[in-house]
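Each chain is listed here by its residues.
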Amino acid sequence: MNTITGCGLGLRREFLEDFSSLKKKPDWIEITPENWIFTPHRYRETFEQIMDSMPVVAHGVSLSIGSPEAIDKSFLSEIKAFLDRYNIEHYSEHLSFSTLGGMQTYELLPLPMTRAMVIHIGDKIKHVEDFLQRPLILENASYYLTPYSEMAEADFINEIAQYADTKLLLDVNNVYVNAANHGFDPDQYIAQISPSRVAYMHIAGHLEYPDEVLLLDTHGEAITKNVWKLLERTLKKIDAPVMIERDNNIPPLHELMKEYKKLSKIVAKRSVK
Amino acid sequence: MKTETAVMERLVQIIQNNEEISNPLNNRLQVYRDMVYFRFFETLENIYPILSAKLGAELMNELVCEFISSGAKSPFITKMAEEFGHFLRHHPKLTSTLFLEDLLWFEYGELELLSRDFNDTHARLEWSQHYKLSSSSLLRNLSYKVHTGEFESPCVSSLLLYYHFDEKRVYFEEITPFAQQLVEKLENLTLESAVSTLAEMYELDVETLRQSVRILVEKWCNQRVLIKFTEV
């Protein structure tokens, strides 16, 4: 991944103007194409200035790679036009499904982790990559139940990555949340991921209900101490760019930049070693 | 993939429909059902705040659940709100909600204008010119004055929604029947001819009318409500 190095931040409309006037910007940004394909007039100028000034990764939410049906070509055409327009080389998506029979749920639903699904998704990845003329990077999504499974999540991801020869977006928070919710060791999971497969990483916040059994991957809270620690341990094994992903409950930019500075320090410490 | 497809279909069926879930507090299916519901509800309530308040929490909740079951198709979540509008227009529980059509237009219109980008060229007043509404404006004859909160008694009005380029906001303005007719006539007639036609219709002095129309058309050109109409 030659265009991004160091630390990134997810760009959100909520702080677009503040971001454009930042003196020291993040090394790179990630944007969600679905939120910008129809860029409204009120954001266009600022958005385009930012897009022209720094490395960008696109992180989609509606591809639904795991759906049994073929990918909606008109949607894919919209994505391709957007990526081409802004010359974005890297496009990532979630290992999940959100559409079935053409009906949308707008949520990342869990996939049956089976060999047939590995082949199904692997073939779809190749189709998407051919269509988009660029690689597709797959993210480990959070999930609260396993609808049907023949293998562990890490094996499922590794098999897909190997079958389709694709790169991964490793979401460290999702590993932490899934490990807590499904009772596995997050460090063992990360040890199973081949470092050379990881294109970049996410770090984010989640919600801990004191009286509930589940951790909820809200991407709407500050990053927890445990996730920071897991990231530090991950960085000892995987040398890949990292970014902060905040999707909900967006705080003022200066608060996010505090987290960004913390991330930069952790990554710099890794680089020194 | 047969088994996998069946499992996924069942999962979506449980999430989208309201069948009972055993021990929902400890059931992870309920987590997914809640996430999907809140995603839809939050989006729709933000886009249709007045409609949500008018329908009330209970009915709105019921309609959103039914809509989720019926299935939204657009991969873009804000476009889902437009599909929700179509769903409501045909819903048997809302046949007596006579202001529905106007309110859906009014609330979705704001989102539509805020979501668009505009390439229209700024126009200037020229009496020999044809004009049309720009892509940054919407005009509709309402049967209910939903913009002033009058939902009980019908009252015809013409409402203009337009994007304010400096403030980057959408404004609405109730316009007179005369102004509404002027907009209609400008697509087929030059400004000069439209004024003459309207002066004849309303039995007004053409010169006096020209002064009023000049002020109005200049204002609309400045606001980019009107653009030059050019045949393709």
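The structure displayed is predicted, hence computed values, not measured ones. (Residues numbered from 1 in each chain as written. Chains lettered and ligands numbered in written order. Predicted model: local features only at pLDDT ≥ 70, side-chain atom pairs only at ≥ 80, totals over all residues. Heavy atoms only, no water.)

Undergrad: Hey, could you run me through the sheet that holds strand β4 (residues 169-175) of chain B in this one?
TA: Across a sheet, paired strands are connected by hydrogen bonds in the backbone, their directions being either parallel or antiparallel. Residues and elements named next belong to chain B. Strand order in this open sheet of three strands is β2-β3-β4, and the pairing throughout is antiparallel. Sheet topology places β2 (137-142) and β4 at the edges, where each strand pairs with a single neighbour. When strand polarity is set aside, the average angle formed by the axes of neighbouring strands in this sheet is 20 degrees. Across the face of the sheet, helix α6 (residues 100-115) comes into contact with β2, β3 (157-164) and β4 while running at roughly 175 degrees to β2. (Pairing = 2+ DSSP bridges. Helix = DSSP H or I, 4+ residues; strand = E, 2+ residues; numbered from the N terminus. Axes fitted to C-alpha atoms, helices over the stretch in contact; angles between N-to-C directions. Contact = heavy atoms within 4.5 Å.)

Undergrad: What am I meant to see in the packing of helix α7 (residues 172-182) of chain A against helix α9 (residues 225-235) of chain A here?
TA: Residues and elements named next belong to chain A. One can describe the packing of α7 onto α9 by two numbers: an axis separation of 9 Å at closest approach and a directional angle of 115 degrees. At the point where α7 passes α9, the crossing takes the right-handed sense. Side by side, α7 and α9 meet where V172, N173, V175 and Y176 of the first sit next to N226, V227, L230, L231 and T234 of the second. When its residues are assigned to classes, the contact of α7 with α9 shows six nonpolar, three polar and no charged. (Left-handed = near helix turned anticlockwise from the far one by under 90°. Nonpolar A, V, L, I, M, F, W, Y, C, P; charged D, E, K, R; others polar.)

Undergrad: Can you walk me through helix α2 (residues 28-47) of chain B in this structure?
TA: What sets the pattern is the α-helix's 3.6 residues per turn: residues three or four places apart point alike. Residues and elements named next belong to chain B. End to end, α2 covers 29 Å across 20 residues, agreeing with the expected 28 Å (1.5 Å per residue, within 8%). Among the residues making up α2, those that are buried are L29, Q30, V31, Y32, R33, V36, Y37, F40, F41, T43, L44 and I47. Its side-chain oxygen 2.8 Å from the backbone nitrogen of L29, N27 forms the N-cap of α2. (Expected span 1.5 Å × (residues − 1). Buried < 20%, exposed > 50% of the residue type's maximum accessible area, 1.4 Å probe, protein only. Polar contact = N/O pair within 3.5 Å; in protein donor to acceptor, adjacent residues only side chain to side chain.)

Undergrad: In this structure, what is going on with the confidence of the model for chain B? I would like to understand it.
TA: Keep in mind that low pLDDT regions are not for reading the predicted coordinates in detail. Mean pLDDT for chain B: 93, with 98% of residues reaching 70 or above. Confidence metrics for the complex model read pTM 0.91 and ipTM 0.92. (pLDDT = per-residue confidence, 0-100.)

Undergrad: How do you make sense of the interface of chain A and chain B when you look at a structure like this?
TA: By a widely used convention, the size of an interface equals the accessible area lost when the partners come together. Contacts between the two partners involve 43 residues from chain A, matched on the other side by 40 residues from chain B. In this assembly, chain A packs against chain B so that about 3700 Å² is buried in total across both faces, 67% of it on carbon and sulfur atoms. Looking only at chain A, the three residues that lose the most surface to chain B are H41, R42 and Y106 of chain A, adding up to 21% of its buried area. The partner of D117 of chain B in a salt bridge is R44 of chain A, with the nearest N and O atoms 2.3 Å apart. Between the two partners, chain A and chain B, sit 14 residue pairs in polar contact (both at pLDDT 80 or more). Among the elements of the structure, α3 (41-53), α4 (73-85), β5 (97-100), β6 (103-109), α5 (115-132) and α7 of chain A are those that each provide at least two residues to the side of chain A that touches chain B. Per-element tally for the side of chain A that touches chain B: the top contributor is β6 of chain A, with seven residues. (Buried area = accessible area lost by both parts, 1.4 Å probe. Salt bridge = Lys/Arg side-chain N within 4 Å of Asp/Glu carboxyl O.)

Undergrad: Quick question: what am I supposed to make of unusual backbone geometry here?
TA: Backbone geometry follows two general trends: most residues other than glycine have a negative phi, and most peptide bonds adopt the trans configuration. Residues and elements named next belong to chain A. Not every positive phi belongs to a glycine, and N249 is a case in point at roughly 50 degrees. One can find N249 in the loop between β12 (242-244) and α10 (253-272). You can call N249 exposed: its relative accessible area is 56%.

Undergrad: Explanation requested: the domain arrangement of chain B in the structure shown.
TA: Domains assigned within chain B are domain 1 (1-97) and domain 2 (119-232). Spacing between the C-alpha centres of domain 1 of chain B and domain 2 of chain B amounts to 39 Å. (Domains from an automatic or database assignment.)

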